[in-house]
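Letter by letter, the chains look like this.
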Amino acid sequence: MATESPEKLLSPVLSAYWDEPDAWTLETYKRRHDGYEGLAKALAMPPDDVIAYVKDAGLRGRGGAGFPTGMKWQFIPQGDDKPHYLVVNADESEPGTCKDIPLLFANPHSLIEGIIIACHAIRSSHAFIYLRGEVVPVLRRLHLAVREAYEAGLLGKNALGEGKDLELTVHAGAGAYICGEETALLDSLEGRRGQPRLRPPFPAVAGLYACPTVVNNVESIASVPALINRGKEWFRSLGSEKSPGFTLYSLSGHVANPGQYEAPLGITLRQLLEMSGGMRPGHRLKFWTPGGSSTPMLTDEHLDVPLDYEGVGAAGSMLGTKALQCFDETTCVVRAVTRWTEFYAHESCGKCTPCREGTYWLVQLLRDFESGKATKADIDKIDDIADNINGKSFCALGDGAASPIFSSLKYFRDEYEAHLDGRGCPFDPAKSTLWADENKTAHPEVKA
């Protein structure tokens, strides 16, 4: 892969026609882009064969953990005389993560087709899409796409064959980040406060309404139709051996051209920056996150790390949601970590003590660094508090809050020490804004 030119590495599948007029309609998807052909092939296969096919293709969850999708489907018990449910997690809320919302806005029928295939595979007659409530335009477009699918007979009575109905419910959440955790999402969907459940039992055994449930990310399910239609050999021809296929990389921050770049797993940040125009002119990369704010940050030394699950893991981080937030040398690491930690403290559900209390005290200490009140002992103190959160919280939110602390201390401990002279942050926050260079050009300094 490294020998190919960056431009040839793009593999638009889900994003292939986002820029076309009416890309979100059934007309565009079905009649002009082979939409629902994968569904026809899947319905001709026994459900267990569909699961085995997806498993053999190597599709892994695109929501963060990278768990094999087919294996998750396989966990659903059969012959138990209970309803089976599919729940699609569209509660995209993490800082930097922005792939599912544009996918739903521009190509909702890829998700609906994937849902129907998945329901056929796990023998489900009711599926749910749990959408982040603030994105009202996406909610409206999703409702439109679901209505089109019902009117076309793709959903509803006999959708999965004679006597096999399929209902699809779109549910708008209230905007809680914690509801991205699958069991908190299920509690919210049932009408309760969104908080993580104690496991076991796992959702595959006792999920929604205490019935077997599969919870999958939007991109994971939306990738299934192309996989079925084009074949598992085609799918495996993309990406790496253990991380096959295509995925959406969300490039943001101090880059010349932020956006969604769909490429095979295993591409590097260097290649993505080359094809996107690099960092903003006159600046260099300082640090970046490979999978959103909850993944340990990396530096410019990691530009050539393969962006797949194994490559990023070997570098000491996680691929997560492929949210590549890039920061240049004008950015204060302490300030960035403070903002992320404020987010986690605000979004903590409060159920467990390590996360509820730990994130609160991390924010207080980090603000002391920013204002010049911190002491050298506070550096070890935030490390100690993060250690008391990591692995000891009820869910992964605590781990995500600890990650920026650990990784920033690993690579930029000297920057924390630079905040200890009593004057606070040595960086000018105005210089890290995207309009800072524009102002410099528009109002050049006049030298005597």
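Before reading further, recall that the structure is shown in the block above.
For clarity, every value in this text was computed on a predicted model and none was experimentally measured.

Cut-offs used in this document
Residues numbered from 1 in each chain as written. Predicted model: local features only at pLDDT ≥ 70, side-chain atom pairs only at ≥ 80, totals over all residues. Heavy atoms only, no water. Pairing = 2+ DSSP bridges. Helix = DSSP H or I, 4+ residues; strand = E, 2+ residues; numbered from the N terminus. Contact = heavy atoms within 4.5 Å. Axes fitted to C-alpha atoms, helices over the stretch in contact; angles between N-to-C directions. Buried < 20%, exposed > 50% of the residue type's maximum accessible area, 1.4 Å probe, protein only. 1 Å grid on protein atoms, 1.4 Å probe; cavity = no way out; pocket = protein on both sides within 12 Å on 5 of 7 lines; lining within 4 Å. Points joined across faces, edges and corners; volume = space filled by probe spheres on them. Nonpolar A, V, L, I, M, F, W, Y, C, P; charged D, E, K, R; others polar. Expected span 1.5 Å × (residues − 1). Bend = angle between axes of the 7 residues up to and from the residue. Parallel < 35°, antiparallel > 145°, perpendicular 65-115°, else oblique. Left-handed = near helix turned anticlockwise from the far one by under 90°. Core = buried A, V, L, I, M, F, W, Y, C linked by side-chain atoms within 4.5 Å. Salt bridge = Lys/Arg side-chain N within 4 Å of Asp/Glu carboxyl O.

*Asks:* Before we move on, could you go through the sheet that holds strand S5 (residues 246-253) and cite the residues and values that matter?
*Replies:* Taken together, the 5 strands give an open sheet; going across it, the order is S6-S5-S9-S7-S8, and neighbouring strands pair in mixed fashion. The two strands at the open ends of the sheet, each matched to only one other strand, are strand S6 (259-264) and strand S8 (298-299). The pairing of S5 with strand S9 (residues 323-328) spans 4 bridges and is classified as parallel. Among the inter-strand pairings, serine 252 is bridged to a residue of S9, identified as glutamine 325. In the packing of helix H16 (residues 333-347) onto the sheet, the strands contacted are strand S7 (285-289) and S9, and the crossing angle to S7 comes to about 20°.

*Asks:* Quick one: what's the story with helix H9 (residues 182-189), residue by residue and with numbers?
*Replies:* Every α-helical turn comprises 3.6 residues, leaving residues that sit three or four positions apart pointing alike. Taken across its 8 residues, H9 has 7 buried, putting it largely inside the fold. Within H9, the full set of buried residues consists of Thr183, Ala184, Leu185, Leu186, Asp187, Ser188 and Leu189. Of the surrounding secondary structure, the elements contacted by the buried residues of H9 are strand S1 (85-90), strand S2 (126-131), strand S3 (167-172), helix H10 (203-206) and strand S4 (213-217). Once H9 ends, the next one or two residues include glycine 191, with phi positive near 100°.

*Asks:* How would you summarise the layout of surface pockets if you had to cite specific residues and measurements?
*Replies:* By volume, the second largest pocket is sized at about 290 Å³. If you go around the second largest pocket, you meet 18 residues; those closest to its centre are Val13, Tyr29, His33, Ala226 and Arg230. When contributions to the lining of the second largest pocket are tallied by element, the ones reaching two or more residues are helix H3 (37-43), helix H7 (108-122) and helix H12 (224-230). It is H12 that contributes the most residues to the lining of the second largest pocket, 4 residues altogether. Its residues placed into classes, the lining of the second largest pocket shows 8 nonpolar, 6 polar and 4 charged.

*Asks:* I'd like to hear about the sheet that holds S2, residue by residue, with values.
*Replies:* Strand order in the open sheet made by the 4 strands is S3-S2-S1-S4, with parallel pairing throughout. Here the strands that pair on one side only, and so sit at the sheet edges, are S3 and S4. Averaged over all adjacent pairs, the angle separating strand axes in this sheet is 20°, with direction ignored. Both S1 and S2 contribute to a ladder of 6 bridges, which runs parallel. When the bridges of S2 are listed, asparagine 89 appears paired with tyrosine 130. Contacting S1, S2, S3 and S4, H7 runs over the sheet at an angle of about 150° to S1.

*Asks:* Requested: an account of empty space enclosed by the protein, with residues and values cited.
*Replies:* Scanning all chains against the criterion turns up 1 cavity of 30 Å³ or more. The computed volume of the largest cavity comes to approximately 80 Å³. Taken together, Ile178, Pro196, Ser348, Cys349, Gly350, Lys351, Cys352, Cys355, Ser393, Phe394, Cys395 and Leu397 form the lining of the largest cavity.

*Asks:* I'd like a description of the environment of tyrosine 36, backed by residues and values.
*Replies:* Relative to the helices and strands, tyrosine 36 resides in the loop between helix H2 (26-32) and H3. Look at tyrosine 36 and you get buried, because its relative accessible area is 6%. Separated by 118 residues in the primary sequence, tyrosine 36 and leucine 154 have C-alpha atoms spaced 9.0 Å apart. What tyrosine 36 contacts, discounting residues up to four positions off in sequence, is Leu26, Tyr29, Lys30, His109, Ile112, Glu113, Ile116, Ala149 and Leu154.

*Asks:* Lay out helix H19 (residues 396-417) in plain terms, naming residues and giving numbers.
*Replies:* An ideal rise of 1.5 Å per residue puts 32 Å on 22 residues; H19 measures up with 29 Å between its terminal C-alpha atoms. In the structure, H19 departs most strongly from a straight axis at tyrosine 411, where the bend amounts to approximately 85°.

*Asks:* Got a sec to walk through the packing of H7 against helix H8 (residues 136-151)? Specific residues and values, please.
*Replies:* Following both chains from N to C, one finds H7 and H8 inclined at 50°, their axes separated by 10 Å at the closest point. Looking at the two axes, H7 sits oblique to H8. The handedness of the crossing between H7 and H8 comes out as right-handed. Here Pro108, His109 and Ile112 of H7 come into contact with H8, specifically with Leu142, Ala145, Val146, Glu148 and Ala149.

*Asks:* Outline unusual backbone geometry, supporting the account with residue identities and numerical values.
*Replies:* Omega for the peptide link from arginine 199 to proline 200 comes to 0°, which places this bond in the cis form. With respect to the helices and strands, the residue proline 200 is situated in the loop between H9 and H10. Proline 200 connects to proline 201 through a cis peptide bond whose omega is 5°. Among the structural elements, proline 201 can be located in the loop between H9 and H10.

*Asks:* Explain the nonpolar core to me, and be specific about the residues and the numbers.
*Replies:* One finds Trp73 and Ile115 to be the most contacted residues of the largest nonpolar core, which totals 62 residues. No other element matches H7, which puts 9 residues into this core. If near-sequence neighbours (up to four positions away) are discounted, tryptophan 73 is found in contact with Val50, Ile51, Val54, Ala118, Ala121, Ile122, Val214, Asn216, Ile221 and Val224. Residues Tyr130, Leu186, Leu208 and Met297 belong to the second largest nonpolar core, which totals 47 residues.

*Asks:* Run through the pattern of salt bridges, naming residues and quoting values.
*Replies:* Taken as a whole, this structure holds 25 salt bridges when the rule is applied. For arginine 192, the salt bridge identified is with aspartate 187, shortest N-O distance 3.2 Å. For arginine 192, a relative accessible area of 47% corresponds to the partly exposed category. A salt bridge links arginine 423 to aspartate 421, with the shortest nitrogen-to-oxygen separation between them at 3.0 Å. According to the relative accessible area criterion, arginine 423 is exposed, its value standing at 71%.

Just geometry here; none of it tells us what the structure is for.
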